[in-house]
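Descriptive analysis of the structure
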Amino acid sequence: MAETPRLILGSGSPRRLELLAQLGLTPAEIRAPDIDEDPAPAEKPRDYVRRMAREKAEASPCAADEVVLCADTTVAVGRRILGKPADAAEAEAFLRLMSGRRHKVITALAVKTPQRVQVRDVVTDVKMKRLSDSEIAGYLATDDWRGKAGGYAIQGPAGAFLPWIAGSYQAVMGLPLVETANLLQAAGIRIWT
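Before going into details, it helps to say that this report is about the structure given with it. In this text, all values refer to a predicted model and were calculated from it rather than measured experimentally.

Some words on the overall build of the protein chain
Along the backbone of the protein chain there are 6 helices and 7 strands. Helices (α) and strands (β) of the protein chain occur, in sequence order from the N terminus, as β-α-β-α-β-β-α-β-β-α-β-α-α. Radius of gyration (C-alpha) of the protein chain: 17 Å, near the 16 Å computed for a compact globule of 193 residues. Dimensions of the protein chain, computed from the C-alpha atoms along their principal axes, are close to 60 × 35 × 25 Å. The 193 residues of the protein chain split such that 49% are buried. Of the contacts formed within the protein chain by residues at least 6 apart in sequence, a portion of 66% connects residues at least 24 apart. Just so you have it, the protein chain exposes about 9300 Å², and 50% of that area is on carbon and sulfur atoms. Distance between charge centroids for the protein chain: 6 Å, based on 26 positive and 24 negative side chains.

Next up, the structure:
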């Protein structure tokens, strides 16, 4: 049987590492690529997140015996992309925009082998309850908004604000497991062995 390739995680996200562990996988290395993550003018959220995942993969070295997994997650309200807030004021603005409304969380993943890059995306609809000023202030004080697309993580304190989702909980966390498992297996990574 052919040698199983080494899995490289092209992300510094601890959540993606935890989600990979749910598939029984531990990356041989973590190599978080440094790319420009600014959206292009008038770029749609789904196009943006797919481009980010692909660019992260393309920026990641991949030896002949390696498979690189990269991903990107964004939150979208209509056509507006809500990335990682720069500060508490922007996190508050994001929360107020989503308060009482539905939004989309889009996660794209890219699996790179020496031959090609494959990209898949998963779109999940999420409803945020109407937030009071005290809920927003209390949440911002937790600092959980830092480094999170849209200023929140579903598995953190903000989970109390999300009464409904339609789609993949894991994708909202940052890595859709079904699609990840399928792409990694197609690239030669063994899962459940």
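And the narrative resumes.
Examining the pattern of salt bridges
On inspection of all chains with the given rule, the structure shows 16 salt bridges. When the shortest N-O distance is used, the salt bridge between aspartate 121 and arginine 50 registers 2.6 Å. Remark: arginine 50 occurs in helix 2 (residues 45-58) and aspartate 121 occurs in strand 6 (residues 117-127); sequence separation between them is 71 residues. Under the relative-accessibility criterion, arginine 50 is labelled partly exposed at 31%. In this structure, arginine 146 engages aspartate 143 in a salt bridge whose closest nitrogen and oxygen atoms are separated by 3.4 Å. Sharing partners across several salt bridges, the network here consists of Arg6, Glu29, Arg31 and Glu66.

Overview of the packing of helix 3 (residues 88-98) against helix 4 (residues 133-142)
When two helices pack together, their arrangement is captured by the angle between the axes and the distance separating the axes. It is at 11 Å that the axes of helix 3 and helix 4 come closest, and there the two elements cross at 140°. By the angle between their directions, the pair helix 3 and helix 4 is classed as oblique. Note that helix 3 runs across helix 4; the crossing there is right-handed. Across the interface between the two elements, Ala88, Ala91, Glu92, Leu95 and Arg96 from helix 3 touch Asp133, Ile136, Tyr139 and Leu140 from helix 4.

Topic: the packing of aromatic side chains
What the rule picks out here adds up to 1 aromatic pair. Ring centres 5.8 Å apart and planes at 70° place the aromatic pair tyrosine 139 and phenylalanine 161 in the edge-to-face group. Highlighted residues: tyrosine 139 in helix 4 and phenylalanine 161 in the loop between helix 4 and strand 7 (164-166), separated in sequence by 22 residues. For tyrosine 139, a relative accessible area of 3% gives the class buried. Positioned above the aromatic ring of tryptophan 164, the side-chain terminus of arginine 102 is 4.2 Å from the ring centre.

Basis of the calculations
- Residues numbered from 1 in each chain as written.
- Predicted model: local features only at pLDDT ≥ 70, side-chain atom pairs only at ≥ 80, totals over all residues.
- Heavy atoms only, no water.
- Helix = DSSP H or I, 4+ residues; strand = E, 2+ residues; numbered from the N terminus.
- Rg over C-alpha atoms; globule rule 2.2 N^0.38 Å.
- Buried < 20%, exposed > 50% of the residue type's maximum accessible area, 1.4 Å probe, protein only.
- Contact = heavy atoms within 4.5 Å.
- Areas by Shrake-Rupley, 256 points an atom, 1.4 Å probe, with all protein chains shown as cover.
- Lys, Arg positive; Asp, Glu negative; His and termini not counted.
- Charge placed at Lys NZ, Arg CZ, Asp CG, Glu CD.
- Salt bridge = Lys/Arg side-chain N within 4 Å of Asp/Glu carboxyl O.
- Axes fitted to C-alpha atoms, helices over the stretch in contact; angles between N-to-C directions.
- Parallel < 35°, antiparallel > 145°, perpendicular 65-115°, else oblique.
- Left-handed = near helix turned anticlockwise from the far one by under 90°.
- Phe/Tyr/Trp six-rings, centres within 6.5 Å; stacked < 30°, edge-to-face > 60°.
- Lys NZ or Arg CZ within 6 Å of the ring centre and 35° of its normal.

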